[in-house]
Amino acid sequence: MDIFESRMNELYRLIEYHAGLYYDKDSPEIPDSEYDALVRELSELERDYPQYARKDFLTHKVGGSPSELFAKVEHEVPMLSLDNVFTPDELVNFFERVDLPEGSGFVCEMKIDGLAVSLVYEDGVFVRGATRGNGHTGEDVTANLMLVDAVPKRLKGAPSGRVEVRGEVLMSLERFNAVNALRESRGEKLFANPRNAAAGTLRQSEKNNHVIAERGLDVFLYYLVDAESFGVMTQGDALVWLSEHGLPVQSAYRVCENLDGVKEFISRWQNERYTLGYVTDGVVVKLNDLTAWPEIGNTSHAPRWAVAYKYPPEEARTRIRDIIISVGRTGVLTPVAVLEPVRLAGTQVSRAGLHNADEIARKDIRIGDIVRIRKAAEIIPEVIAVDVSVREGTERVFTMPERCPACGSEIVRLPGESAFRCPNRSSCLAQLKESLKYFASRDGMNIKGIGKKLAEKLTASGKIHALSDIYTLSLNDWMSLDKIGEISARNILAELEASKSRPLVSLITALGIKDVGKNTAALLVEHFGSVEAMKSAGEEEISAIEGVGPVIARSVHEFFRNDANLKMIEDFRAMGFMMGTKSQAVSNALEGKVFVFTGGLEAMTREEAGEKVKALGGKISGSVSARTDYVVAGDKPGSKLRKAEALGVRVIDEQEFLSMIIT
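Every residue gets a number counted from 1 within its own chain, in the order that chain's sequence is written. Where local features are concerned, this predicted model is filtered to residues with pLDDT of at least 70; where side-chain atom pairs are given and counted, the filter is 80 or more; whole-chain, interface and lining totals use all residues. Processing note: side-chain calculations cover all non-hydrogen atoms of the structure and skip hydrogens and water entirely.

**Q** I'm lost on the sheet that holds strand β22 (residues 630–633) in this one. Help?
**A** In any sheet, the strands associate via hydrogen bonds between backbone groups, in a parallel or an antiparallel arrangement. Any two strands with at least two DSSP-identified bridges between them are counted as paired. Where helices and strands are cited, they refer to DSSP runs of H or I of at least four residues and of E of at least two residues respectively, numbered from the N terminus. Across the sheet, which stays open at both edges, the four strands sit in the order β21-β20-β22-β23 with parallel pairing between neighbours. One side of each edge strand has no neighbouring strand; the edge strands of this open sheet are β21 (619–620) and β23 (650–652). Note: β22 against β23, three bridges, orientation parallel. When the bridges of β23 are listed, V631 appears paired with V651. Of the strands in this sheet, β20 (594–598), β22 and β23 are in contact with helix α23 (residues 639–647), which crosses β20 at around 135 degrees. Note on definitions: a residue-residue contact is assigned when non-hydrogen atoms from the two residues lie within 4.5 Å. Angles run from 0 to 180 degrees between N-to-C directions of axes, and those axes are lines fitted to C-alpha atoms, restricted for helices to the stretch in contact. Taken strand by strand, helix α24 (residues 654–661) contacts β20, β22 and β23, and its axis lies near 95 degrees from that of β23.

**Q** Explain the pairing of strand β13 (residues 332–344) here, please?
**A** Looking along a regular strand, one sees side chains alternate from face to face of the sheet. Partly exposed describes any residue whose relative accessible area lies between the buried limit of under 20% and the exposed limit of over 50%, with all areas from a 1.4 Å probe on protein chains only and scaled to the type maximum. Within β13, 10 of the 13 residues are buried, which leaves it mostly tucked inside the rest of the structure. Bridging between strand β12 (residues 315–327) and β13 involves seven bridges; their strand directions are antiparallel. Bridge assignment links I325 to a residue of β13, and that residue is P335. Linking two consecutive strands that pair antiparallel, namely β12 and β13, is a turn of four residues; a positive phi of about 90 degrees is found at G331 within it. Sheet topology note: the β13/strand β14 (residues 347–353) ladder contains six bridges and is antiparallel. For V338, the partnering residue across the bridge sits in β14 and is R351.

**Q** Mind showing me how you'd approach the packing of helix α12 (residues 429–439) against helix α13 (residues 452–461) here?
**A** Two packed helices can be described by the angle between their axes and the distance between those axes. In contact at an axis separation of 9 Å, α12 and α13 are set at 145 degrees when each is read in the N-to-C sense. α13 is crossed by α12, and the crossing has right-handed handedness. Contacts from L429, L432, K433, L436 and K437 of α12 reach α13 at K452, A455, E456, L458 and T459. For this scheme, ten residues count as nonpolar: Ala, Val, Leu, Ile, Met, Phe, Trp, Tyr, Cys and Pro. Four count as charged, namely Asp, Glu, Lys and Arg, and the remainder, Gly too, count as polar. Per-class residue counts for the contact of α12 with α13 are five nonpolar, one polar and four charged. By convention, the crossing between two helices is left-handed when the near helix turns anticlockwise from the far helix through less than a right angle, and right-handed when the turn is clockwise.

**Q** Explanation requested: the nonpolar core in the structure shown.
**A** Across soluble globular proteins, nonpolar side chains have a tendency to be buried as a group. We define a nonpolar core as any set of buried Ala, Val, Leu, Ile, Met, Phe, Trp, Tyr and Cys residues linked to one another through side-chain atoms lying within 4.5 Å. With 66 residues, the main nonpolar core has L119, Y121, L145, V165, L202 and V285 as its most contacted residues. Tallying contributions element by element places strand β3 (residues 106–112) first for this core, with five residues. Setting aside its immediate chain neighbours within four residues, L145 contacts L119, F126, G129, A130, V151, K153, V169 and L202. Formed by 48 residues, the second largest nonpolar core is a distinct cluster that contains F439, I492, V516 and I552.

**Q** Can you walk me through the packing of aromatic side chains in this structure?
**A** What characterises a pair of aromatic rings is the spacing of the ring centres plus the angle enclosed by the ring planes. Two rings from Phe, Tyr or Trp (for Trp, the six-membered ring) form a pair when their centres are within 6.5 Å of each other. A pair whose planes differ by under 30 degrees is stacked, one over 60 is edge-to-face, and the rest are tilted. Within this structure, the stated rule accounts for 16 aromatic pairs. When the ring of W293 is compared with that of W305, the centres are 3.6 Å apart and the planes differ by 5 degrees; the resulting orientation is stacked. Of this pair, W293 sits in helix α10 (residues 293–296) while W305 sits in the loop between α10 and β11 (306–310), and the two are 12 residues apart along the sequence. Residues Y471 and F572 carry aromatic rings whose centres are separated by 6.1 Å and whose planes lie at 90 degrees to one another, so their mutual orientation is edge-to-face. Linking Y471 in the loop between α13 and α14 (475–479) with F572 in helix α21 (residues 563–574), this pair joins segments that are 101 residues apart in sequence. With respect to class, Y471 is no different from F572; both count as buried.

**Q** What is the right way to look at empty space enclosed by the protein in this model?
**A** In this approach the atoms are scanned with a rolling probe the size of a water molecule, which exposes any empty space left behind. Cavities and pockets are defined on a 1 Å grid built over the protein atoms alone: a cavity is a set of grid points where a 1.4 Å probe fits but cannot escape, while a pocket is an open set with protein on both sides within 12 Å along at least five of seven lines, and lining residues are those with an atom within 4 Å of any such point. Grid points are joined across faces, edges and corners, and a volume is the space filled by probe spheres set on the points. By the definition in use, this model includes two cavities of 30 Å³ or more. If you trace the largest cavity, you find it lined by E109, I112, F220, L221, Y222, L239, V249, Q250 and Y253. Those elements that provide at least two residues to the lining of the largest cavity are β3 and β8 (218–224). Tallying contributions element by element places β8 first for the lining of the largest cavity, with three residues. Among the residues forming the lining of the largest cavity, the class breakdown is seven nonpolar, one polar and one charged.

**Q** Even after reading the chapter, I still don't get the sheet that holds β8, so can you show me in this structure?
**A** Within the open sheet, the four strands sit side by side as β5-β4-β7-β8. Their pairing is antiparallel. Either end of the sheet is taken by a strand with one partner, and the two such strands are β5 (125–131) and β8. When strand polarity is set aside, the average angle formed by the axes of neighbouring strands in this sheet is 35 degrees. Against the sheet, helix α8 (residues 235–244) makes contact with β7 (162–170) and β8, and its axis sits at roughly 135 degrees relative to β8, the strand it touches most.

**Q** Explain the pattern of salt bridges here, please?
**A** We count a salt bridge whenever a side-chain nitrogen from Lys or Arg sits within 4 Å of a carboxyl oxygen from Asp or Glu. Tallied over the entire structure, the rule returns 33 salt bridges. Among the salt bridges present, the one from E139 reaches R203, with a minimum N-O distance of 2.9 Å. Here E139, found in strand β6 (residues 137–139), pairs with R203, found in the loop between α6 (194–202) and α7 (210–215); they are 64 residues apart in sequence, far enough to count as distant. Residue E139 is classed as buried on the basis of its relative accessible area of 2%.

**Q** I tried to follow the environment of L155 on my own but got confused; where do I start?
**A** One can find L155 in the loop between α4 (142–145) and β7. A relative accessible area of 4% means that L155 is categorised as buried. Along the chain, L155 and G451 lie 296 residues apart, while their C-alpha atoms are 40 Å from each other. Apart from residues no more than four positions distant in its own chain, L155 is found in contact with Y121, G124, V163, H245 and L247.

**Q** What is the right way to look at the state of the cysteines in this model?
**A** Here a disulfide denotes a covalent bond joining the sulfur atom of one cysteine to the sulfur atom of another. Put simply, a disulfide is two cysteine sulfurs that come within 2.5 Å. Enumeration according to the criterion identifies zero disulfides in this entry. Unpaired in this structure, C428 has its nearest cysteine sulfur neighbour in C407, at a distance of 3.8 Å.

**Q** Is there a simple way to think about the side chain of E109 in this case?
**A** Looking at the secondary structure, you find E109 in strand β3. The class for E109 is buried, based on a relative accessible area of 4%. Under this definition, polar contacts are N or O atom pairs within 3.5 Å; protein pairs additionally need one hydrogen-donor-capable and one acceptor-capable atom, and for neighbouring residues in sequence, both atoms have to be side-chain atoms. Of note is the side chain of E109, whose polar atom sits 2.9 Å from the side chain of Q235. Other than its neighbours up to four places away in sequence, E109 contacts Y222, Q235, L239, Q250, A252, Y253, V283, V284 and K286.

All quantities given are derived from atomic positions and should not be read as evidence of function.
In structure tokens form, the structure reads like this:
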């Protein structure tokens, strides 16, 4: 066996291994750029040494294997992948090889890093959704896509017959950061990037599909199957058609007359892509004339009329000056690398998250090391690797501290967790600061004016030692804080007073119970109805609630066994907070009726409207289903309205709703 055959065999093994992690397990070990480099090297060797090439290898196919968790879907029109090019010259060579029609125009679209899906509509109603799978057979994820608000359940204009459209399910950078922050607080493995977060979310089993709505996936569509049957002859017009029928289309695309226009688009978006709010790693260039696509044809895995231009990964070299510890609201200790400042992806970077001690050990990261860094998901600085060849012997091995750097408490590491924690929730100021930010957030008590900076000032001042203490501060206490004037102080006091009447679900969310977010808090409140009932419940009862499970049950049970937490709750009770749902109906006018709200109301908040419904014997749901009786559509309603119309659920406006609750 010569060296070329040996290298090709090694590449086949590596690519098969990493493709399985990426496509089938949604858990890659290397970045896309490194995987692309392996595939590119193999392609060049296959071209030069065809006698060693494996014609049936996955690089000549599409995607991964459909999961056994889902029913199979056969794609009538194959869902192909795209060939990649990496330089302007390769882009020119690609189109010259294809021999495109003279005067061909092109459409440039940002390459979305998501999970490819097909959506099918019958007479305008969404009836089936599937993943790409291996290009010919995908997974039926219709039920899960029904939980994605961004997927229209009914098309505008309701075109008759069958309509199939294709695109990408994705997770925005904002949602990705929030999901990973939650996973980190739980000591769970972080998602490598938004693509894998989106794929892992959409491919949840029925048992766990409640997380789909929580994580807030998005979707962009870009392909209309059999477009000519709808009178659409160009890709540019296809994108307009999709948008006009209510299907989300990304705004970052352009119809270009020639390759010069294509190059200009690619150059413009190389840096502007960081402003989009979602991850893109290149530009998809397609021939605009749809009628020419069949004649140009496809390879076994990719169309010849389109190509993906991949941007080079942006990296930088710098030195780790120090490794410090950040303490989160749940007590998780996160190591952070302090870097010699360096410019990366349009911003100055001086710190990078190191996730946990296991990650530091795996990469052998030491204080003083020269490292390569990049922005994971194009926004989060991370250390890729250490350049061990330039070590001088002065580098220092990092070890996690034995005590919390904020309060001095002895840290713990629970069995099965990668995270180290400070157990001192009652008086650790670092945890108190983060907890206060969360407590006052929109999903919590929604106290306007209390954000990151004010939380830092409060904890540093020594004026508070528990969350409930913010309600005991006087006007002068607030005004004594730096840059807080009388008007701001009075506004904060008014916000604090108003927050006492927030519904119980807001308080349970705001308490920051480990593993309990807004949706889980709603499940707990719906089941128990009061704080007292939650306190008295055992783990088994909590775990039996659909959508909760044993891990969350343990967290809730432990929270209500903690003396400091119980004292804080009693403080809130004494201050007049809602400790129950007022589920005792004052009338049975809405007995058993299920309401869903979408859009803003003028007369009251949606939370207040929900309390009115419950007081009249009705129920509130966060999603529309066949069991929904009424959808109340306020100002700027969202996708719940479309789903209600698709299911034939009765939609009422605010005035009709008010007439039902005024008794």
